[in-house]
Amino acid sequence: QVRLVESGGGLVQAGGSLRLSCAASGSIFSINAMGWYRQAPGKQRELVAVATSGGKTNYADSVKGRFTISRDNAKNALYLQMNSLRPEDTAVYYCNANLFALDTRGNQDYWGQGTQVTVSS
């Protein structure tokens, strides 16, 4: 059974920083892309940033230059350094991993439970 667990959310003032972490565990054979998504109240879930197993990254235009995604493949971990936070960054942030699990023997998407990020003005 695969689990993704996020941590690092919280309340911060505009202009501040937070670092999110995601740890993947369980019967994992290999992880392809890992990414961060977010969902604000009344809005659809949107991609924030993604990192492939080969190290390529991609960001939403709204976070370019402020957020940095990184991976530690040895630890099956994903991070999101968020700087210069704005009130519009307020959302629940979800970790996503496309991975090959030993019990399902196929590539599937897995999600964490989410962590709340609140940016006050």
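All of the points below concern the structure found in this document. Source: prediction; values computed, not measured.

**Brief notes about the packing of aromatic side chains**
- Summed over the entire model, instances satisfying the criterion amount to 2 aromatic pairs.
- A ring pair is formed by F29 and F100, whose centres lie 5.8 Å apart and whose planes are at 70°; its orientation type is edge-to-face. Of the two residues, F29 is situated in strand β4 (residues 28-39) and F100 in strand β9 (residues 91-101); the sequence distance between them amounts to 71 residues.
- Of the residues examined, F100 reaches a relative accessible area of 24% and is grouped as partly exposed.
- Each ring, one from Y37 and one from W111, has its centre 5.0 Å from the other, and the planes form 65°; the classification is edge-to-face. Of this pair, Y37 sits in strand β4 while W111 sits in strand β10 (residues 106-111), and the two are 74 residues apart along the sequence.
- On the basis of relative accessible area, Y37 is assigned to the partly exposed category, the value being 24%.
- It is R19 that lies over the ring of Y79; its NZ or CZ is 4.2 Å from the centre.
- Directly above the aromatic system of Y94 lies the positively charged group of R45, at a separation of 3.7 Å from the ring centroid.

**Examining the nonpolar core**
- Core analysis: the biggest nonpolar cluster contains 32 residues, and W36, L80, M82 and Y93 have the highest contact counts within it.
- Broken down by secondary-structure element, the contributors of at least two residues to this core are β3 (18-25), β4, β5 (46-51), β7 (67-72), β8 (77-82), β9 and β11 (115-120).
- Per-element tally for this core: the top contributor is β9, with 6 residues.
- In contact with M82, other than residues within four places in its own chain, are G16, S17, L18, L20, R66, F67, Y93 and V117.

**Some points on the pattern of salt bridges**
- Scanning all chains against the criterion turns up 4 salt bridges.
- Note that R38 and D89 form a salt bridge whose closest N and O atoms lie 3.0 Å from each other. A residue pair is termed long-range when its members are at least 10 positions apart, and R38 in strand β4 and D89 in the loop between β8 and β9 qualify at 51 residues. You'll find R38 and D89 in the same group, each marked buried.
- One salt bridge in this structure joins K64 and D61, with 3.1 Å as the shortest N-O distance.
- Classification of K64 as partly exposed rests on a relative accessible area of 49%.
- According to the relative accessible area criterion, D61 is exposed, its value standing at 64%.

Thresholds applied
Residues numbered from 1 in each chain as written. Predicted model: local features only at pLDDT ≥ 70, side-chain atom pairs only at ≥ 80, totals over all residues. Heavy atoms only, no water. Phe/Tyr/Trp six-rings, centres within 6.5 Å; stacked < 30°, edge-to-face > 60°. Helix = DSSP H or I, 4+ residues; strand = E, 2+ residues; numbered from the N terminus. Buried < 20%, exposed > 50% of the residue type's maximum accessible area, 1.4 Å probe, protein only. Lys NZ or Arg CZ within 6 Å of the ring centre and 35° of its normal. Core = buried A, V, L, I, M, F, W, Y, C linked by side-chain atoms within 4.5 Å. Contact = heavy atoms within 4.5 Å. Salt bridge = Lys/Arg side-chain N within 4 Å of Asp/Glu carboxyl O.

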